[in-house]
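# Coordinate analysis (summary)
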Amino acid sequence: MKHNVILVVLDGLNYTVAQHTLGHLQAYAGAGRAALYKLQCELPSLSRPLYECILTGVAPIDSGIVHNNVSRLSTQRSMFHYARDAGLTTAAAAYHWVSELYNRTPFNAAQDRHTAHPDRPIQYGHFYWSDHYPDSHVFADAEHLRLCHQPNLLLVHPMNIDDAGHKHGLDSAQYRNSARSADIILADYLQGWLDAGYQVLVTADHGMNNDRSHNGLLAEEREVPLFVLGDAFSFDPSAAPKQTQLCGTVCQLLGVAHDKPFCRELLK
Ligand SMILES: [Zn+2]
C-alpha cells in the first residue's frame, strides 16, 4: 500500500459522546463510507503519555512518558520517523507537546510555533500552546500545511473538547457542544481530503470524567472513538484495533517499513 494519511486526534473525546455528537462522521458511517470502532486507551489516561502511545505504538509504562510533565524528546520511533526514513513528507498542526516529543524541547514559541525544517521528524508544523486555541484555527493551520507542502502524513490535533471537559466535566452541554463543533469544522475539510486520496483516521487520546479530569480506568476516561475513512480500509465490523496499533497501522497505509504492531483487519 502507498497512501497518504491524515490522522485527527480530537483531544479528550469520550467514545459515547463521540457516538452521539459527531453527526457528520456518523453520516459517513451510516452510508458505509466510514467505520467507527471503540478503542480502550492505554494507561494512564493522560495526554502526553497517549500522544506518545498513538504516535509510536508504545504504552506509557514502556515509553517512560508517564505523565504530562515529562518534558523531553521521545526515545521511541514515531510514525514521523518511519515516514521520514522512507523519504516521505511529514506535517502537524498540533499542541506544542507534540513538537517537544519529536522535534525540539523545551518548546520555544518564537522558534518552534511555525516549523519548516526538512531535517526534523515533523518537517512542517504549526504548534499552539493555549488549550483554548480555537479548533477552527487548528484545522485551518492543518489545511495550510496540506496545501503548501502536500504532506504524505499529516497530524491534526485540536484541544477544545478536552478544554471544555476540564472546565465543565463530561456530563455538560459545553463538553458535548465542543464535540459537535469539531465535527462541524471537520465537515468543511473531510470530503476534500478523501477526494485528494487521503486515508483519514479520527480518534482521541483519552476520554473525560465528571470530576473534570482523566487519568484512570473509568469507561468514560478510557473509551475513545476511532473513525476510519478511505478506500484502503476494510470497514470490517469485527476488527478490534488497539491504541498501540495505530502507529503501525498508519505505517502500513503509508507503505513504509516499521517494527510496530498493527491491526490487519482494519485494512483491505
Ligand atoms: Zn485533558
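Shown above is the structure to which this text applies.
Overview of the structure. Since this is a predicted model, take the numbers as computed values, not measurements.

Conventions adopted
- Residues numbered from 1 in each chain as written.
- Predicted model: local features only at pLDDT ≥ 70, side-chain atom pairs only at ≥ 80, totals over all residues.
- Heavy atoms only, no water.
- Helix = DSSP H or I, 4+ residues; strand = E, 2+ residues; numbered from the N terminus.
- Rg over C-alpha atoms; globule rule 2.2 N^0.38 Å.
- Buried < 20%, exposed > 50% of the residue type's maximum accessible area, 1.4 Å probe, protein only.
- Contact = heavy atoms within 4.5 Å.
- Areas by Shrake-Rupley, 256 points an atom, 1.4 Å probe, with all protein chains shown as cover.
- Lys, Arg positive; Asp, Glu negative; His and termini not counted.
- Charge placed at Lys NZ, Arg CZ, Asp CG, Glu CD.
- Pairing = 2+ DSSP bridges.
- Axes fitted to C-alpha atoms, helices over the stretch in contact; angles between N-to-C directions.
- Salt bridge = Lys/Arg side-chain N within 4 Å of Asp/Glu carboxyl O.
- Donors = N, O, S within 2.8 Å, 3.2 Å for Na, K, Ca; no water.
- Tetrahedral: all angles 85-135°; square planar, octahedral: opposite > 155°, others 65-115°.
- Nonpolar A, V, L, I, M, F, W, Y, C, P; charged D, E, K, R; others polar.

## Focus: the overall build of the protein
Check the secondary structure of the protein and you find 13 helices and eight strands. Computed over its C-alpha atoms, the radius of gyration of the protein comes to 17 Å, within 12% of the 18 Å expected for a compact globule of 268 residues. Across its three principal directions, the C-alpha atoms of the protein cover 45 × 40 × 35 Å. Within the protein, the fraction of its 268 residues that count as buried is 59%. Restricting the contact set of the protein to residue pairs at least 6 apart, pairs at least 24 apart contribute 71%. Surface accessibility of the protein: about 10,200 Å² in total, with carbon and sulfur atoms responsible for 49%. Side chains of the protein give 20 positive and 27 negative charges; the mean places of these two sets differ by 3 Å.

## Some thoughts on the sheet that holds strand β5 (residues 124–128)
An order of β2-β8-β7-β1-β6-β3-β5-β4 is seen for the eight strands of this open sheet, with the pairing classed as mixed. The sheet is open, and its two edges are formed by β2 (35–40) and β4 (114–116), each paired on a single side. Sheet twist, expressed as the average angle between the axes of neighbouring strands with direction ignored, equals 15 degrees. Two strands pair when backbone bridges link them, and strand β1 (residues 4–9) and strand β7 (residues 198–203) are joined in this way by six bridges, in the parallel orientation.

## Focus: the pattern of salt bridges
Within the structure shown, the criterion is met by eight salt bridges. Lys38 is the salt-bridge partner of Glu223, the closest N and O atoms lying 3.7 Å from each other. Of this pair, Glu223 sits in strand β8 (residues 223–229) while Lys38 sits in strand β2, placing them 185 residues apart in sequence. Note on Lys38: relative accessible area 44%, which makes it partly exposed. Across the pair Arg120 and Asp112 runs a salt bridge, and its minimum N-O distance is 4.0 Å. The residues Arg120 and Asp112 share a single accessibility class, namely buried. Sharing partners across several salt bridges, the network here consists of Arg104, Asp112 and Arg120.

## Observations regarding the coordination of the zinc ion
Protein coordination at the zinc ion: the donors are Asp162 (OD), Asp162 (OD), His166 (NE2) and His214 (NE2), at 2.0 to 2.4 Å from the metal. Around the zinc ion, the four donor atoms are arranged such that angles at the metal cover 56 to 155 degrees; this shape is classified as irregular. In terms of primary sequence, the donors binding the zinc ion are separated according to D-x3-H-x47-H. Of this pair, His166 sits in helix α9 (residues 160–168) while His214 sits in the loop between β7 and α12 (219–222); the two residues are 48 residues apart in sequence, bridging distant segments of the chain. For His166, a relative accessible area of 33% gives the class partly exposed. The class of His214 is buried, set by a relative accessible area of 7%.

## With respect to the packing of helix α2 (residues 23–30) against helix α10 (residues 173–187)
Interhelical geometry of α2 versus α10 gives an angle of 65 degrees and a closest axis separation of 7 Å. From α2, Gly23, His24 and Leu25 reach across to α10, where they touch Asp183, Leu186 and Ala187. Among the residues making up the contact of α2 with α10, the classes are represented as three nonpolar, two polar and one charged.

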